[in-house]
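Working through the structure, step by step
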Amino acid sequence: MSTTHLFDGLTFINCVVTPVVATVVGAGSRGTSLSDELTRDLRARGGKVVEFPTLTVVPVAGARAAEAQQHLSRLAPRDWLAFTSGNAVRALAAFSLPIDSSQLRVATVGEATKHAAEQCGFTVELVAPGSDAESLGQALLAQLRSERNLDSSVYFLRGETVASGFERALFPYRERLKNVVIYQSHRAAPGSELISQVQNLLREDQARFPLEDEGMRQLYQIFTSGQSLRNYLALIGEQGMTKTGGVERIAREIPSCVIGKHTAEVGRELHMNVVVIPDIPSRTGMIETLETVVFHERALYK
């Protein structure tokens, strides 16, 4: 079977993270989001996609925006910008930079964040080998030490809920570390009609393929963040995230595809059936791993 038709007959609930609407630095256009690209890739392979908003990301406002802008106004040539998500990259477009982006050095976690930074006009110099903030901090510390760089500052541009792993890793460099919160996230409001549609998809797939049945599932759930996963369970079930609830219990049995190890950990904590975890936390890695899983499933149950 060709890749073009590999996902024929399958339905994917793409749990959409709606990112900040970003303009390319110094230009004025916007790139597509990770969720947009996943929908495109799934449909290109014959899959039916239901987009289900779970998380909305917006730049900080008011006093917090003023504080962030004050930090960013001190940027100097050769300073580092450190990003752990595409949301942080896009949120930066809401602020003014005192120098051209070409004068700044950029470090990111993973290929997806690197791609988002390049879409927004940055040249990425360093990509962390791991998938979390601590990995990025360790990679950047090694870079700074190799250069014996004691003059440049590191601006960690992040959301309000990001863990402190980056700061721990860069503790030896703490005097030059600027911790700048530039975005925040909210649970999306997909609407009762869309919620009902997704609930029905879950019930229908469970009716066709009960847990004890060994047939191939025709429904998959797509998650690109742990918070998106949590919100999804809360949105689809009246009983929130309880293990004994009806629809959310079914959702835990449906195969889930996640973007990386951190999201997989959240999935396991919530007793989800995680079947796709790419080695490389990126859209490409996610799609390629999903292709492998589906190919073997089709071969097994044909």
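Everything in this summary refers to the structure shown in the same document. (Residues numbered from 1 in each chain as written. Predicted model: local features only at pLDDT ≥ 70, side-chain atom pairs only at ≥ 80, totals over all residues. Heavy atoms only, no water.)

Take N14: it is sitting in strand β1 (residues 11-18). Here N14 falls in the buried class, since its relative accessible area comes to 0%. Those residues in contact with N14 that lie beyond four places of it in its chain are S35, L38, T39, V49, V50, E51, F52 and I222. (Helix = DSSP H or I, 4+ residues; strand = E, 2+ residues; numbered from the N terminus. Buried < 20%, exposed > 50% of the residue type's maximum accessible area, 1.4 Å probe, protein only. Contact = heavy atoms within 4.5 Å.)

Of all hydrophobic cores here, the largest spans 29 residues; its most connected members are L81, F83, L92, F122, L157 and I182. Among the elements of the structure, β2 (48-59), α2 (62-72), β3 (80-83), α3 (86-91), α4 (110-119), β6 (154-159) and β7 (177-187) are those that each provide at least two residues to this core. Considering each element in turn, this core owes the most residues, four residues, to β7. Once you skip the residues sitting within four places of it in the chain, F83 turns out to touch A88, V89, L92, V106, A107, T108, V109, T113, F122, L136 and L157. Counting 26 residues, the second largest nonpolar core, distinct from the first, contains V50, F52, A264 and V266. (Core = buried A, V, L, I, M, F, W, Y, C linked by side-chain atoms within 4.5 Å.)

Another point: the packing of helix α1 (residues 34-44) against helix α11 (residues 283-301). Interaxial distance between α1 and α11 falls to 10 Å at its minimum, and their mutual angle equals 30 degrees. Regarding the angle of α1 to α11, the classification is roughly parallel. In this structure, the crossing between α1 and α11 has a hand that is right-handed. Mapping the contact onto sequence places L34, E37, L38, R40, D41 and L42 in α1 and R283, M286, I287 and L290 in α11. Broken down by class, the residue content of the contact of α1 with α11 amounts to six nonpolar, no polar and four charged. (Axes fitted to C-alpha atoms, helices over the stretch in contact; angles between N-to-C directions. Parallel < 35°, antiparallel > 145°, perpendicular 65-115°, else oblique. Left-handed = near helix turned anticlockwise from the far one by under 90°. Nonpolar A, V, L, I, M, F, W, Y, C, P; charged D, E, K, R; others polar.)

For β1, the buried fraction is high: seven of the eight residues fall into the buried class. Where β1 meets β2, eight bridges bridge the pair, whose relative direction is parallel. When the sheet's bridge partners are listed, V16 is paired in β2 with P53. (Pairing = 2+ DSSP bridges.)

Moving on to helix α5 (residues 133-147). The terminal C-alpha atoms of α5 lie 21 Å apart, and with 15 residues this matches the ideal 21 Å at 1.5 Å per residue to within 8%. Among the residues of α5, A133, S135, L136, G137, A139, L140, L141 and L144 are the ones counted as buried. Buried residues along α5 sit in contact with β3, β4 (105-109), β5 (124-128), β6 and α6 (165-169). (Expected span 1.5 Å × (residues − 1).)

Okay, the environment of I99 next. Note on placement: I99 falls in the loop between α3 and β4. Given the relative accessible area of 17%, I99 is considered buried. Sequence spacing of I99 and S73 is 26 residues, and the spatial spacing of their C-alpha atoms is 8.9 Å. Not counting the four nearest positions on each side in its chain, I99 is found in contact with L75, A76, P77 and L104.

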